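# Fold and geometry: a report
Each chain, written out:
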2 protein chains.
Amino acid sequence: MSIVSRTRPGRNVNLALIGATGAVGSVMRDIVSTREDIWGEIRLVASPRSAGKVLRVRGEDVVVQALAPEVFDGIDIAIFDVPDEVSAVWVPIAAERGAIAIDKSGTFRMQPDVPLVVPEVNPLDARDRPRGIISTPNCTTLSMMAAIGALHAEYTLTELVVASYQAVSGAGVAGSARLYDEVEALAGDRTIGQAAGDVRKALANKLPAESPFPAPIAFNVVPWAGSLKDDGWNSEELKLRNESRKILGIPDLKVSATCVRVPVITTHSLAVHARFEREITVADAHRVLEAAPTVVLMDDPANGVYPTPLDVVGTDPTYVGRIRQAIDFPNTLDLFVCGDNLRKGAALNAAEIAELVAAEL
Amino acid sequence: MSIVSRTRPGRNVNLALIGATGAVGSVMRDIVSTREDIWGEIRLVASPRSAGKVLRVRGEDVVVQALAPEVFDGIDIAIFDVPDEVSAVWVPIAAERGAIAIDKSGTFRMQPDVPLVVPEVNPLDARDRPRGIISTPNCTTLSMMAAIGALHAEYTLTELVVASYQAVSGAGVAGSARLYDEVEALAGDRTIGQAAGDVRKALANKLPAESPFPAPIAFNVVPWAGSLKDDGWNSEELKLRNESRKILGIPDLKVSATCVRVPVITTHSLAVHARFEREITVADAHRVLEAAPTVVLMDDPANGVYPTPLDVVGTDPTYVGRIRQAIDFPNTLDLFVCGDNLRKGAALNAAEIAELVAAEL
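The numbering scheme is per chain: residues are counted from 1 as the chain's sequence reads. Note on labels: chains are lettered from A, ligands numbered from 1, in written order. Local features in this predicted model are restricted to residues of pLDDT 70 or higher, and side-chain atom pairs are both shown and tallied only at a pLDDT of 80 or more, whereas totals for entire chains, interfaces and linings draw on every residue. To get the side-chain values, take all heavy atoms of the structure and skip hydrogens and water.

In the nomenclature of an unreviewed UniProt entry, chain A is known as Aspartate-semialdehyde dehydrogenase of Nonomuraea terrae. UniProt positions are given in the numbering used here, feature names are shortened, and annotations may be inferred rather than shown by experiment. In its Subunit (unreviewed entry) section, the UniProt record describing chain A reads: "Homodimer." According to UniProt, the comment filed for chain A under the heading Catalytic activity (unreviewed entry) is "L-aspartate 4-semialdehyde + phosphate + NADP(+) = 4-phospho-L-aspartate + NADPH + H(+)".

Right, here's the structure in full:
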């Protein structure tokens, strides 16, 4: 077995994946292994704790290297999927060492000299990167952006009211593990979930109190994600607002979001109420979304056709269904969107940006 | 054991519960057994299939009678929790026989000569019942109405955008059984929910294909409830619109709703974006909701305080949290509401209407 990724002959764009061992890192290795292989070396990087692990990418075993300034030597593009505070330190180091850094964290997204890119929506923004940094949006915003961006291009979006149904893997590997743990601890008890606090009591006896979630997540929904910001908003809700404005280039877009965690492993769903400047019908929306290459329209309720997380998880597109013309609001659609939060919501979008950039190099 | 409910001395209002053996019927027996006992006889009625069963109410064993015109003889108030088509036939028969019928079905709710009542919001409407019929709203509308009604009374509601997180028991006993079945069938497989269709495949081997839900509900959310209506809307979404207008007495209230089923046993949650005629702050909303007797305010996110279904199931109030002033919309609040769909969402509201009516008799 080869334990150092070799440089492929004739290919001279070298890629580093920083955070290669996490939930998104694992999907990222899968994505670069299955999409067109345009890369020279692919270097895997993680925290010192994970260094020395051997992971598979493009059918080769690659030894994970510990994050250090030298890992960026010879690297053209570095994709970061690490916590905000790690990105804050290491993304600028990668850029200084000559790599173009594509960052999944929240650290740089709203900085005016860092583009925030969804390749289907604002690919040209990726070219204007004075600091050598490109940010990729948070997974909740990304789960709807391909669809909303396509509708906006033709009908000009003015307002968004969004309620999310966010999967536990948005909180990383520990998030998925916690839901599996809770389900295993509760399965078989057919009285559970019928009296206030009964699940908390049942779990207290079986699982550690520490959880990635502030309340039980099996048999429950929890109206919280991210950290507390001003006036009762959480970081996830404000990201959805601010990042949508920046990606779509609508600085005065009106947005209200409520973010809710649900007991789904992977794939975020959003109920979206979207108002446009121009009149728009369901048929208009169908035409636009059918033509959008990375969107799949699943909208035939008479035949039970609408997206659900379990039917789309593990795939790349943004799925849209339940499109209705709002009865009481002019120029407004209500719709339901699903997107795999680890793929389009994270690794895939970063890989697509990397491919955009690689094409220029 | 006494197997016929006896008439209590000094009490002369006799109550019949039609549909006493269902999910709501079971909660209804619990509610009339634990609230102040103002009733003479309590008669239990169900389909012929369930007749002869012995069920407990007010600490007594009572034999269930088969639905027939004679069961209404001597009855003052009959609460119906049966399918629409059964109500359509039997509610008028009860009224003809002199009982005041309180109907939980959708059949009569929007008829102009039938009041649609939430006792905290429009108690006086219950007095104007020319046909002897009072309707109680669908459980999704009811889950928010005590809170929205209190805010409306002071600030005048003009618009609602709602996304629901609806519990499986909204689909009856079979709904809860299906979620328990699916969870048992899947528990222990820690790869499940990670590839499109994997849960469908796993369930196909273990459970009957027939389900109250149009897709797997464990580890999933399903953007569908009720039946298909015009233009892609479903009956649940239109009920939320039309019933809110009628209860609140706002014929031109603007409403858009997206109804989504989630893997929660009991307690519906709603993400609500509510616009008012008058300016309203979070402090205003706190003041109003704290003063509302059947509303519990759980709104302190800095200390992890917000309602979740598992913390409120089995209790009577409407719980409200995550109240935020919309950043981009004037006079608008975003909030999260939870209400037990079998209690306030069904049996409790009907019992409260019955108590209102009994007080007049």
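## Quick notes on the overall build of chain A
For the purposes of this entry, the term helix denotes a DSSP run of H or I that reaches at least four residues, the term strand denotes a run of E that reaches at least two, and both are numbered from the N terminus. When helices and strands are counted, chain A shows nine helices and 14 strands. A globule of 361 residues ought to have a C-alpha radius of gyration of about 21 Å, and chain A, at 21 Å, matches this closely. C-alpha extents for chain A along the principal axes are approximately 60 × 55 × 40 Å. Methods summary: accessible areas were calculated by the Shrake-Rupley approach with a probe of 1.4 Å, and residue burial reflects only the protein chains presented. Of the roughly 12,800 Å² of accessible surface on chain A, a fraction of 51% belongs to carbon and sulfur atoms. Here chain A contributes 35 positively and 46 negatively charged side chains, and the mean placements of these two sets differ by 3 Å. We compute the radius of gyration from the C-alpha atoms alone; for a globule the expected value is 2.2 Å times N to the 0.38, where N is the number of residues. Asp and Glu are treated as the negative residues and Lys and Arg as the positive ones, with His and the ends of the chain left uncounted. In this description, the location of a charge corresponds to atom NZ of lysine, CZ of arginine, CG of aspartate or CD of glutamate.

## Description of the sheet that holds strand β5 (residues 65-66) of chain B
All names here are of chain B. Sheet architecture is open: six strands sit in the order β5-β2-β1-β6-β7-β8, paired in parallel fashion. The two strands at the open ends of the sheet, each matched to only one other strand, are β5 and β8 (133-135). A strand pair is defined by DSSP finding two or more bridges across the two strands. Here strand β6 (residues 77-80) runs beside strand β7 (residues 100-103); their pairing, made up of four bridges, is parallel. Across the sheet, I79 pairs through a bridge with I102, a residue of β7. We call two residues in contact when some of their heavy atoms are within 4.5 Å. All axes here are fitted lines through C-alpha atoms, helices being fitted over the stretch that makes contact, and every angle between N-to-C directions spans 0 to 180 degrees. Across the face of the sheet, helix α1 (residues 23-34) comes into contact with β1 (15-18), β2 (42-46) and β6 while running at roughly 160° to β1. Against the sheet, helix α9 (residues 343-360) engages β6, β7 and β8, with an angle of about 165° to β6.

## A look at the sheet that holds strand β13 (residues 318-325) of chain A
Residue and element names in this part refer to chain A. If you walk across this open sheet you meet the six strands as β10-β9-β11-β14-β13-β12, and the pairing is mixed. Two strands lie at the open edges of the sheet, namely β10 (254-258) and β12 (295-297), each paired on one side alone. Sheet twist, expressed as the mean angle between neighbouring strand axes with direction ignored, is 25°. Where β13 meets strand β14 (residues 332-339), six bridges bridge the pair, whose relative direction is antiparallel.

## Examining the nonpolar core
Within soluble globular proteins, side chains that are nonpolar tend to cluster in buried spots. The definition of a nonpolar core used throughout is a set of buried Ala, Val, Leu, Ile, Met, Phe, Trp, Tyr and Cys residues joined through side-chain atoms within 4.5 Å. Think of it in three bands: with a 1.4 Å probe and only protein chains considered, a residue is buried below 20% of the maximum accessible area for its type, exposed above 50%, and partly exposed in between. Formed by 40 residues in total, the largest nonpolar core has its most connected members in L179, L186 and F219 of chain A together with L179, L186 and F219 of chain B. Every element with two or more residues in this core is listed here: α4 (173-186) and α5 (198-204) of chain A together with α4 (173-186) and α5 (198-204) of chain B. The residues touching F219 of chain A, leaving out its near neighbours within four places in the chain, are L186, I192 and P263 of chain A together with L179, Y180, V183, P263, V264, I265 and L310 of chain B.

## A short note on the domain arrangement of chain A
Residue and element names in this part refer to chain A. Throughout, the edges of the domains are those of an automatic or database domain assignment. One can read the domain layout of chain A as domain 1 (13-136 + 347-359) and domain 2 (141-167 + 222-339). Domain 1 and domain 2 are separated by 26 Å when their C-alpha centres are compared. Between domain 1 and domain 2, the residue contacts involve 13 residues of the former and twelve residues of the latter. Taken together, both faces of the contact between domain 1 and domain 2 bury some 1,100 Å²; the carbon and sulfur share is 67%. When two components associate, each loses some accessible surface as probed by a 1.4 Å sphere; the sum of these losses over both components is called the buried area. Summed over the three residues of domain 1 that lose the most area to domain 2, namely M110, L116 and V121, the buried surface amounts to 37% of that side. The term salt bridge refers to a pairing of a side-chain nitrogen on Lys or Arg with a carboxyl oxygen on Asp or Glu at a separation within 4 Å. The interface formed by domain 1 and domain 2 includes one salt bridge. For the salt bridge of E243 with R109, the shortest nitrogen-to-oxygen distance reads 2.8 Å. A 3.5 Å cut-off defines polar contacts: any pair of N or O atoms within that distance qualifies, except that in protein one atom must be a possible hydrogen donor and the other a possible acceptor, and neighbouring residues in sequence count only when both atoms are side-chain atoms. At the junction of domain 1 and domain 2, the tally comes to five residue pairs in polar contact (both at pLDDT 80 or more). Amino acids outside the nonpolar list (Ala, Val, Leu, Ile, Met, Phe, Trp, Tyr, Cys, Pro) and the charged list (Asp, Glu, Lys, Arg) are all regarded as polar, and Gly is one of them. Of the residues contributing to the side of domain 1 that touches domain 2, the split by class is six nonpolar, four polar and three charged.

## Here's the deal with the interface of chain A and chain B
In this assembly, 82 residues from chain A lie in contact with 82 residues from chain B. With both chains or domains summed, chain A and chain B bury close to 6,400 Å², and 62% of this area falls on carbon and sulfur atoms. When the area that chain A buries against chain B is broken down by residue, the three leading residues are R190, F219 and L310 of chain A, summing to 12%. For the interface between chain A and chain B, the tally reads 14 salt bridges.

## Things to note about the pattern of salt bridges
Applying the stated criterion across every chain yields a total of 43 salt bridges over all chains. For E237 of chain B, the salt bridge identified is with R322 of chain A, shortest N-O distance 2.7 Å. Separated into two different chains, E237 of chain B in helix α6 (residues 235-248) and R322 of chain A in strand β13 make up a pair that spans both. Among the residues examined, R322 of chain A registers a relative accessible area of 1% and is labelled buried. Taken together, the shared-partner salt bridges in this structure form one network comprising D30, D316 and R343 of chain A.

## Here's the deal with α4 of chain B
In this model, α4 of chain B (14 residues) spans 20 Å end to end at C-alpha, consistent with the 20 Å of a helix rising 1.5 Å per residue. Tucked into the core, α4 of chain B has its buried residues touching α4 of chain A together with α5 of chain B. In the stretch just after α4 of chain B, G188 of chain B is the one whose phi turns positive, near 100°. To estimate the expected span of a helix, subtract one from its residue number and multiply by 1.5 Å.

## Section: empty space enclosed by the protein
Using protein atoms alone on a 1 Å grid, points that fit a 1.4 Å probe yet trap it form a cavity, whereas open point sets bounded by protein on both sides within 12 Å along at least five of seven lines form a pocket; residues with an atom within 4 Å of a point count as lining. Grid points are joined across faces, edges and corners, and a volume is the space filled by probe spheres set on the points. One pass over the full model with this rule turns up five cavities of 30 Å³ or more. Approximately 130 Å³ is the volume attributed to the largest cavity. Considering the residues around the largest cavity, the lining is formed by 18 residues, among which V161, V162 and A163 of chain A together with V161 and A163 of chain B are closest to the centre. The set of elements that each furnish at least two residues to the lining of the largest cavity consists of β9 (157-165), β10 and β11 (268-276) of chain A together with β9 (157-165) and β11 (268-276) of chain B. Residue composition of the lining of the largest cavity, by class: eleven nonpolar, five polar and two charged. Its volume calculated, the second largest cavity comes out at about 80 Å³. The wall of the second largest cavity is formed by L179, V183, A218, F219 and P263 of chain A together with L179, V183, A218, F219 and P263 of chain B.

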